[in-house]
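# Report on the structure
Spelled out, the chains give:
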Amino acid sequence: MEGGIVPNKPALPHHNLQAKTAVQQSTFLKFKPSAPLPPSPSQSFPIDPLIQHLLEISSDNEQVPSSHRFPSLHVSSSSQNREAHIKKHDEDFFLQFDSREDDNGAEDSQLDFLSGRGKTILNDIIKQPSSTLRAYLDAAKNEILKVDLVSILKGLELTSGWEKALILFEWIASNSNEEKPKLDDHTIEAIVRVLGKESQHSIAAKLFDAIPLEDYSLDVRAYTTILHAYARSGKYEKAILLFDQIKGKGLSPTLVTYNVMLDVYGKMGRSWKRILSLLDEMETKGFEFDEFTCSTVISACGREGLCDEALKFFSKLKSRGYSPGIVTYNSLLHVFGRVGNYTEALNVLREMEENGCSPDSVTYNELVAAYTKAGLYDEGAALIDLMTSRGIMPNTVTYTTVITSYGRGGKENKALELFKQMKKVGCVPNVCTYNAILGMLGKRSRSEEMVEILVQMRSDGCVPNRVTWNTMLGMCGRRGMFKYVNRVFREMKTSGFEPDRDTFHTLITAYGRCGSKVNVSKMYEEMVKAGFSPCVATYNAFLNALARKGDWKAAESVLADMKTKGFRPNETSYSLMLHSYAKGGHREGIEEIEAKVYSRHLFPSWMLLRTLVLVNFKCRRLKGMEKAFAELKRNEYKPDMVIFNSMISIYAKNRLCDQAHDILSEIRESGLQPDLVTYNSLMDMYVRNGECWKAEEILKRLQRTGAKPDLVSFNTVINAFCKQGLMQEALRILREMMEAGIRPCIITFNTFISGYASLGMFTEVNGVISFMVQHDCMPNELTYKTVVDGYCKAKMHEEAIVYLSNVKKADPSFDEHSLQKLVACVRENCQS
């Protein structure tokens, strides 16, 4: 019987379902849910425990005190030579040192260049903890001035690592205004060698920001090391200025110097003409291009999406008799991997093998990147087994690449499974792996698992780096947690991590999402002040902030400025422009980029075609979605669940059931499984078609899969029954919803009010509103408008006016202006 506790599906036609009168229904319909109302869900994200864990891991690594250092310097926290490790190293060395001592002091074949006094001083420095070394140097100044300090620096390089050498150098520099010690060319060359050998590029770059290098005449090798430090630290303008100074001093750059400058131009962007000019200069001076030259130039093309230029340069090399090696081939693979052009990547692999160049782990890593960039996640993961079968062990980069791609594709569980597999086979995760997983979980608000990952990092002895903090900053920005963005940034610097270019990009994006224009501008100014020149990623950070607001006019200005200054927008730039147009409702802009993609003026990458599906969905452009979806498959890219769900949703909204079921079949054929969003869209489709029982069947099917329906799922089915006037069934679903621990929202209540009002059951309407008020869910304008519309539909205009006159008494918080709008609506309806 209809309205029973467990009703059978009725066989009555649709028009008979609404034939029940209000009197008949009111005998058993009362809005009194039997299940207790679940508590309100917490809207806050537990960021505090995450920050605390991150701080604890960072605090495990003692920092070298910087109180007496140059203000611009700070020791890198990512260094492997932590104080604890250094201390043990020093003790071990000292024991060996003692065992070979005679009456004249320490002797070691490695330290024969030191005098006896020099060995004694070196020995004393080694004994000192880094935290008290500066005080020792001040106290023993007179003795220290009697030895060759360059030799002491060299001795520290051989015995105690770079940190103590740096402290000694800073001490020398801070006293260089005195007669002795004198900061000279040889001293600078010594510390350059020490820092370069240990790859302390950030430290070196900051150090030489504080020293006027133009006042010294170093050898070319030292200058090249400093250039490399600037390149690795993102201080490209400084590198270019120093390169000009080198040539101005009459020094002849070596092949390595030129290669470093090619790397500088490649990383700073918009420099293809400069690269070609530098190559011509190298040829004029008789330099033969080596593997590093070729791979650096090709990598520069990859960064700016210059696929044609890369192929042209590669072909020109071969025409001159150059035989590419594994590094060059891998660089070319990287070019195509960045845009997801796996077809060209496979062509490169084929050519490699035909020329007898055996692929290595880097080759396969680039192929994995190409597949995953094209949305072929499982194919990328399958390469892990292929590598193993060919005797090439997958490394951390391989696993991290696939884990990252799974995260981007919304396959977090597969990513976590692969992470477990990685550890099981003995491949040790590094900080990049952990950063990828933290970022992935952060996007999905899986905070408890993020804490577990941080705990694992600590137990594995994996030290958080700047990217870890950047990841946390990005997560706070995505969630609009403005105060936490500031806090994380502050804690990051407290932990010893100075912001790099990516940090500033993350902050620009984060503040943009939080709607803080002032802080966006401030971060850009600070970035430039810190010596980081803008690049494509900088512009993309601005575009990301504007895309969130749909400010497509401002986004167009940014894109135009980008092109004017010589930067070539990449697929991310155009993808963000598309999102700006969609958010701002500017269809002409979408169509303009569409035309460029379909005519191949822009490479139809997986990212761009995927974005076209999504932005057409936002604009409800069915034909545009279908064309982008067809083009995606024509290019042999694999749609992810976001694309599939968007297609099902648009078909559901247009009541195209057959097409929606075709997509459902494609999901299963592609090896994916329908998710919560899929099922919710199917429920919505049946609601739109008036098939409430089919909507409930989808809900039950979802529950049978083991997945948990959400608020949207239950609201959709409740809406289905309310639209058909089956209020008892709607109440049954409401009870199931609350028993599942899901609290009704204002949409739930408004749906019931709409159902009761359409049946003329205003007593029940008042019961719902009373229930809402009792449980701190205040009615909104739509609530009262729904009631008024119900009165008007029943031609009960006087009752509607009386009802509105009592609203203010029952709900003093309701806006007077909105109330008058509703009164005007009733009067207008009465006159029509």
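Residues numbered from 1 in each chain as written. Predicted model: local features only at pLDDT ≥ 70, side-chain atom pairs only at ≥ 80, totals over all residues. Heavy atoms only, no water.

Going by the annotation in an unreviewed UniProt entry, the name recorded for the protein is Pentatricopeptide repeat-containing protein, with Aristolochia fimbriata given as the source organism. Note on the protein: under the UniProt heading Sequence similarities (unreviewed entry), the record states "Belongs to the PPR family. P subfamily." (UniProt positions renumbered as here; feature names shortened; annotations may be inferred.)

Below, the discussion takes up the overall build of the protein. The helix and strand tally for the protein stands at 46 helices and zero strands. Looking at the protein as a whole, 53% of its 832 residues qualify as buried. The long-range fraction of contacts in the protein, counting pairs at least 24 apart against all pairs at least 6 apart in sequence, stands at 66%. Accessible surface computed for the protein: about 37,900 Å², of which carbon and sulfur atoms make up 51%. (Helix = DSSP H or I, 4+ residues; strand = E, 2+ residues; numbered from the N terminus. Buried < 20%, exposed > 50% of the residue type's maximum accessible area, 1.4 Å probe, protein only. Contact = heavy atoms within 4.5 Å. Areas by Shrake-Rupley, 256 points an atom, 1.4 Å probe, with all protein chains shown as cover.)

Note that V335 resides in helix α18 (residues 326–339). Accessibility expressed as a relative area gives 0% for V335, which makes it buried. Excluding residues within four positions of it along the chain, V335 makes contact with I298, G302, C307 and A310.

So, on to the nonpolar core. Membership of the largest hydrophobic core comes to 258 residues, with the highest contact counts inside it found for L137, I152, I188, F208, L612, F752 and L804. Sort the elements by how many residues they give to this core and helix α9 (residues 162–174) lands first, with nine residues. Residue contacts for L612: discarding those within four places in its chain leaves L578, I590, E594, V597, Y598 and A628. (Core = buried A, V, L, I, M, F, W, Y, C linked by side-chain atoms within 4.5 Å.)

Note that S233 resides in helix α12 (residues 220–233). Residue class for S233 comes out buried when judged on its relative accessible area of 16%. Not counting the four nearest positions on each side in its chain, S233 is found in contact with H201, S202, A205 and F532.

To continue, consider the packing of aromatic side chains. Per the stated rule, a full pass over the model turns up 17 aromatic pairs. The interplanar angle of 50 degrees and the centroid separation of 6.1 Å between the aromatic rings of W552 and Y581 together place this pair among those described as tilted. Placement of W552 in helix α31 (residues 552–564) and of Y581 in helix α32 (residues 571–584) is noted, with a sequence separation of 29 residues between them. Here the two residues W552 and Y581 agree in accessibility, since each one is buried. Ring pairing ties together the aromatic residues F762, Y784, Y791, Y803 and F814, which thus form one cluster. The residue whose ring lies beneath R620 is F617, and the NZ or CZ to ring-centre distance is 5.1 Å. (Phe/Tyr/Trp six-rings, centres within 6.5 Å; stacked < 30°, edge-to-face > 60°. Lys NZ or Arg CZ within 6 Å of the ring centre and 35° of its normal.)

This part covers α12. Look at α12: 20 Å from first C-alpha to last across 14 residues, which is about the 20 Å you get at 1.5 Å a residue. For α12, the tally of buried residues reaches 10 of 14 residues, placing the bulk of the element in the interior. Taken as a whole, α12 has its buried residues at V220, A222, Y223, T224, I226, L227, A229, Y230, A231 and S233. Buried residues in α12 make contact with α10 (185–197), α11 (201–209), α13 (236–248) and α14 (255–268). Trailing α12 by a residue or two, G234 shows a phi angle of about 80 degrees, which is positive. (Expected span 1.5 Å × (residues − 1).)

A few words on the packing of helix α20 (residues 361–373) against helix α22 (residues 396–408). Two elements in contact, α20 and α22, have axes separated by 9 Å at closest approach and are oriented at 5 degrees. Here α22 runs roughly parallel to α20, going by the angle between their axes. Two secondary-structure elements touch here, α20 through N365, V368, A369 and T372 and α22 through V397, T398, T401, V402 and S405. Here the residues of the contact of α20 with α22 sort into four nonpolar, five polar and no charged. (Axes fitted to C-alpha atoms, helices over the stretch in contact; angles between N-to-C directions. Parallel < 35°, antiparallel > 145°, perpendicular 65-115°, else oblique. Nonpolar A, V, L, I, M, F, W, Y, C, P; charged D, E, K, R; others polar.)

Residue R655 is not a glycine yet carries a positive backbone phi of 60 degrees. Its place among the elements puts R655 in the loop between α36 (641–653) and α37 (657–669). When its relative accessible area of 52% is taken as the criterion, R655 is described as exposed. At K795, a position not held by glycine, the phi torsion is positive, near 60 degrees. Looking at where K795 falls in the secondary structure, it is placed in the loop between α44 (781–793) and α45 (797–810).

The next point concerns the packing of helix α15 (residues 272–284) against helix α16 (residues 291–303). Running from amino to carboxyl end, α15 crosses α16 at an angle of 165 degrees, the nearest separation of the two axes being 11 Å. Judged by the angle between their axes, α15 and α16 are roughly antiparallel. Judged by the sense of rotation from one axis to the other, the crossing of α15 with α16 is left-handed. Taken together, the residues of α16 that come into contact with α15 (itself represented by W272, I275, L279 and M282) are T293, V297, A300 and C301. Looking at the contact of α15 with α16, its residues break down into seven nonpolar, one polar and no charged. (Left-handed = near helix turned anticlockwise from the far one by under 90°.)

Following the sequence through the fold, V431 ends up in helix α24 (residues 431–443). Under the relative-accessibility criterion, V431 is labelled buried at 15%. The sequence separation of V431 and C462 amounts to 31 residues, and the corresponding C-alpha distance is 6.1 Å. Each residue touching V431, except ones within four places of it in the same chain, is listed here: M457, C462, V463, P464, N465 and T468.

Structurally, the α-helix is built with 3.6 residues per turn, so residues lying three or four positions apart point the same way. For helix α42 (residues 746–758), built from 13 residues, the straight-helix expectation of 18 Å at 1.5 Å per residue is met to within 8% by its first-to-last C-alpha distance of 18 Å. Residues of α42 that are buried: T748, F749, N750, T751, F752, I753, G755, Y756 and A757. At its buried positions, α42 is contacted by α40 (711–723), α41 (727–739), α43 (762–774) and α44. Two residues or fewer after α42 comes G760, characterised by a positive phi angle close to 75 degrees.

With that settled, the discussion passes to the pattern of salt bridges. The full count for this structure, using the stated rule, is 27 salt bridges. Across the salt bridge formed by E309 and R568, the nearest N and O atoms sit 3.5 Å from each other. Of this pair, E309 sits in helix α17 (residues 307–319) while R568 sits in the loop between α31 and α32; the two residues are 259 residues apart in sequence, bridging distant segments of the chain. Three or more residues are tied together by salt bridges with common partners; here these are E696, K700, E729, R732 and E736. (Salt bridge = Lys/Arg side-chain N within 4 Å of Asp/Glu carboxyl O.)

Our next topic: the side chain of N330. Note on placement: N330 falls in helix α18. Residue N330 is classed as buried on the basis of its relative accessible area of 6%. A polar atom in the side chain of N330 sits 2.7 Å from the side chain of T363. Every residue in contact with N330, bar those within four places of it in the chain, is listed here: M352, D360, V362, T363 and E366. (Polar contact = N/O pair within 3.5 Å; in protein donor to acceptor, adjacent residues only side chain to side chain.)

Below, the discussion takes up the confidence of the model for the protein. Chain-level statistics for the protein give a pLDDT mean of 79 and a share of 86% at 70 or above. Segment residues 1–28 is flagged for pLDDT under 50; beyond a separation of four residues in sequence, or across chains, it makes 30 contacts in the model. (pLDDT = per-residue confidence, 0-100.)

A few words now on the environment of A730. Mapping A730 onto the fold places it in helix α41. You can call A730 buried: its relative accessible area is 0%. Residues A730 and A720 lie 10 residues apart in sequence; the distance between their C-alpha atoms is 8.1 Å. Setting aside its immediate chain neighbours within four residues, A730 contacts I718, F721, C722 and F752.

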